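Residue-level structural notes
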Amino acid sequence: MIQLQDTHPLLFDFFAGYFPDADLDGLSDIEVVQQYISDNSEEINTLTLEKLNTIDDDEYILQAIAKEANRYFENTHEIKDWLQMIKNTFK
């Protein structure tokens, strides 16, 4: 399986660093993104959104993102919908 840390290190930091424990903290995914935005500079936030926009339909990358974020999805369509919600929160 593709290692997100090797191919997309900034996205790895975002998904692995902010999402896995969010449920334990009682945070919604939108609140997690908002926390990331407030913790980071405008430059990092812009770069993160740019990297999110480069994610294509590569099933392995999508599955790697879900794994690092500790989220379960029925299929890649659900992952893409979830990523769209994240991108919208950045905007």
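In case you missed it, the structure is sitting above this.
Summary of the structure given here. (Residues numbered from 1 in each chain as written. Predicted model: local features only at pLDDT ≥ 70, side-chain atom pairs only at ≥ 80, totals over all residues. Heavy atoms only, no water.)

**With respect to the overall build of the chain**
As a reminder, the rule being used: Put simply, DSSP H or I for four residues or longer makes a helix, DSSP E for two residues or longer makes a strand, and each gets a number counted from the N terminus. In this setup the radius of gyration rests on C-alpha atoms only. A globule is expected at 2.2 Å times the number of residues raised to 0.38. For the exposure calls, accessible area comes from a 1.4 Å probe over protein chains only, and a residue counts as buried if that area is under 20% of its type's maximum, exposed if over 50%, partly exposed in between. Working rule for contacts: check all heavy atoms of both residues, and any pair within 4.5 Å makes them a contact. Note that accessible areas follow from Shrake-Rupley with a 1.4 Å probe, and for residues the cover is restricted to the protein chains shown.
A tally of regular secondary structure across the chain gives six helices and zero strands. The order of α-helices and β-strands along the chain, N terminus first, is α-α-α-α-α-α. By the compact-globule yardstick of 12 Å for 91 residues, the chain fits well, its C-alpha radius of gyration being 12 Å. Along the first, second and third principal axes, the C-alpha set of the chain runs to 30 × 30 × 20 Å. Across the 91 residues in the chain, those meeting the buried criterion constitute 37%. Counting only contacts in the chain whose residues sit at least 6 apart along the sequence, the fraction spanning at least 24 positions is 63%. In the form shown here, the chain has an accessible surface area of approximately 5500 Å², with 45% of it arising from carbon and sulfur atoms.

**Observations concerning helix α5 (residues 59-69)**
Selection criterion: Any N or O atom pair separated by 3.5 Å or less is treated as a polar contact, with the protein-specific requirement of one donor-capable and one acceptor-capable atom, and with residues adjacent in sequence counted only for side-chain atom pairs.
Within the span of α5, buried status applies to Ile61, Leu62, Ala64, Ile65, Ala66, Glu68 and Ala69. Elements that come into contact with the buried residues of α5 comprise α1 (4-7), α2 (9-18) and α6 (76-90). Where α5 begins, one side-chain oxygen reaches toward the backbone nitrogen of Tyr60, 2.8 Å away; that side chain belongs to Asp58. Phi turns positive one or two residues past the end of α5, at Asn70, with a value near 60°.

**Quick word on the nonpolar core**
Grouped burial of nonpolar side chains is what soluble globular proteins tend to show. Filter applied, for reference: Among buried residues, those of type Ala, Val, Leu, Ile, Met, Phe, Trp, Tyr and Cys that are joined through side-chain atoms within 4.5 Å constitute a nonpolar core.
Counting 26 residues, the largest nonpolar core has Phe14, Phe15, Phe19, Trp82, Leu83 and Ile86 as the members making the most contacts within it. Secondary structure elements with two or more residues in this core: α2, α3 (29-39), α4 (42-54), α5 and α6. Considering every element that reaches this core, the biggest residue donor is α5, with six residues. Apart from the residues within four sequence positions on either side, Ile86 is in contact with Phe14, Phe15, Phe19, Val33 and Leu52.

**Things to note about the side chain of His8**
Counting through the fold element by element, His8 comes out in the loop between α1 and α2. Contacts of His8, omitting those with residues within four sequence positions, involve Ile55 and Ile61.

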